[in-house]
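Coordinate inspection notes
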Amino acid sequence: GAGVSQSPSNKVTEKGKDVELRCDPISGHTALYWYRQSLGQGLEFLIYFQGNSAPDKSGLPSDRFSAERTGGSVSTLTIQRTQQEDSAVYLCASSPRLAGAGGELFFGEGSRLTVL
Amino acid sequence: QQQVKQSPQSLIVQKGGISIINCAYENTAFDYFPWYQQFPGKGPALLIAIRPDVSEKKEGRFTISFNKSAKQFSLHIMDSQPGDSATYFCAASRGRALNFGKGTSLLVTP
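Scope of this entry: the structure provided in the associated data block. (Residues numbered from 1 in each chain as written. Chains lettered and ligands numbered in written order. Predicted model: local features only at pLDDT ≥ 70, side-chain atom pairs only at ≥ 80, totals over all residues. Heavy atoms only, no water.)

Glancing now at the pattern of salt bridges. Two side chains that carry opposite charge are able to pair once their charged atoms sit near each other. Residues and elements named next belong to chain B. Under the counting rule described, the total for this entry stands at nine salt bridges over all chains. Two residues, Arg-51 and Asp-31, come together in a salt bridge whose shortest N-O distance is 3.9 Å. One end of the pair, Arg-51, is in the loop between strand S5 (45-50) and strand S6 (56-59); the other, Asp-31, is in the loop between strand S3 (19-25) and strand S4 (33-38), with 20 residues separating them in the sequence. A relative accessible area of 31% means that Arg-51 is categorised as partly exposed. Connected through shared salt-bridge partners, Asp-31, Arg-51 and Arg-94 make up one network. (Salt bridge = Lys/Arg side-chain N within 4 Å of Asp/Glu carboxyl O. Helix = DSSP H or I, 4+ residues; strand = E, 2+ residues; numbered from the N terminus. Buried < 20%, exposed > 50% of the residue type's maximum accessible area, 1.4 Å probe, protein only.)

Okay, structure coming up:
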């Protein structure tokens, strides 16, 4: 596809379960970002990957959150032992270069996570 | 710690009016300031961006005004239209991920 693809679009889970969210970036984009969007909280940076460099994990809120990017393409965000406060829309974005270098972020439509 | 503070949280403007959204930042190392627009159910999309070497940038009805000394920047939407109704996010960055404001929900009434 032409854009960033995220799956699932909606996920309802029970507290304590693990979830995996997938992101398929635009082909050729070297930078990949994960953000979390909660009501009234804007867009919260979680993690980003740039090429073959070590990812910047500084935004991950706890060690229950992890992400990987395989082969410089698809990325998976994993949340272990989910809590109700993890309920949010998780947005993935890709870019041909780092945001601060003027790289436009192309966002997917997000994965809405609801933890019961 | 919110690195970019955005106001107002919500805004209602009549069709044809001017919409103004303000942002302030703390980190003087930031050197890239974009605005993103988000429609319900969609991801944000880049609207317009500015670097601190200019004080204003205009693209169509959208203008960014930048005040480096005050560490503030704003988005002006001229001749606002109902189709402009969306959530707007300001952001700031230096070489890495974008730091976003909390967003402004804009409603343009017919």
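The next thing to look at is the interface of chain A and chain B. By a widespread convention, an interface's size corresponds to the accessible area lost as its parts come together. Taken together, the contact between chain A and chain B spans 22 residues of the former and 20 residues of the latter. Overall, the association of chain A and chain B removes approximately 1,700 Å² of surface from exposure, summing both partners, and the carbon and sulfur fraction of that is 52%. Where chain A touches chain B, the interface holds one salt bridge. Along the contact surface separating chain A from chain B lie four residue pairs in polar contact (both at pLDDT 80 or more). Secondary structure elements with two or more residues in the side of chain A that touches chain B: strand S4 (31-38) and strand S5 (42-50) of chain A. Of the residues forming the side of chain A that touches chain B, the biggest block, four residues, is contributed by S5(A). Along the lines of polarity and charge, the residues of the side of chain A that touches chain B split into 11 nonpolar, eight polar and three charged. (Contact = heavy atoms within 4.5 Å. Buried area = accessible area lost by both parts, 1.4 Å probe. Polar contact = N/O pair within 3.5 Å; in protein donor to acceptor, adjacent residues only side chain to side chain. Nonpolar A, V, L, I, M, F, W, Y, C, P; charged D, E, K, R; others polar.)

Turning next to the nonpolar core. Among the nonpolar cores identified, the biggest contains 24 residues, and Phe33(B), Trp35(B), Phe73(B), Leu75(B), Tyr88(B) and Leu106(B) are the most heavily contacted of them. At the level of secondary structure, the elements contributing two or more residues to this core comprise strand S2 (10-14), S3, S4, S5, strand S7 (62-67), strand S8 (72-77), strand S9 (86-92) and strand S11 (104-109) of chain B. For this core, the element with the most residues is S9(B), which contributes four residues. Ranked by size, the runner-up nonpolar core spans 20 residues in total, among them Leu21(A), Leu32(A), Leu46(A) and Val115(A). (Core = buried A, V, L, I, M, F, W, Y, C linked by side-chain atoms within 4.5 Å.)

It is worth spelling out the state of the cysteines at this point. Counted by the stated rule, this structure contains two disulfides over all chains. Note on cysteine connectivity: Cys23(A) is disulfide-linked to Cys92(A), with sulfurs 1.9 Å apart. Because the sign of the S-S torsion sets the handedness, a value of about -65° for the bond joining Cys23(A) and Cys92(A) places this disulfide among the left-handed ones. Of the two residues, Cys23(A) is situated in strand S3 (residues 19-24) and Cys92(A) in strand S8 (residues 88-95); the sequence distance between them amounts to 69 residues. Owing to a relative accessible area of 0%, Cys23(A) belongs among the buried residues under this scheme. You can call Cys92(A) buried: its relative accessible area is 0%. The disulfide partner of Cys23(B) is Cys90(B), and the gap between their sulfur atoms is 1.9 Å. Disulfide Cys23(B)-Cys90(B): torsion about the S-S bond near -95°, hence left-handed. Placement of the pair is Cys23(B) in strand S3 and Cys90(B) in strand S9, with a sequence separation of 67 residues. (Disulfide = S-S within 2.5 Å.)

The next thing to look at is the sheet that holds strand S1 (residues 5-7) of chain A. Residue and element names in this part refer to chain A. Ordered by their spatial adjacency, four strands build an open sheet running S1-S3-S7-S6, and the pairing between neighbours is antiparallel. Sheet topology places S1 and strand S6 (65-69) at the edges, where each strand pairs with a single neighbour. The sheet shows a mean angle of 15° between the axes of neighbouring strands, taken without regard to direction. With five bridges joining them, S3 and strand S7 (residues 75-79) adopt antiparallel strand pairing. For Arg-22, the partnering residue across the bridge sits in S7 and is Thr-76. (Pairing = 2+ DSSP bridges. Axes fitted to C-alpha atoms, helices over the stretch in contact; angles between N-to-C directions.)

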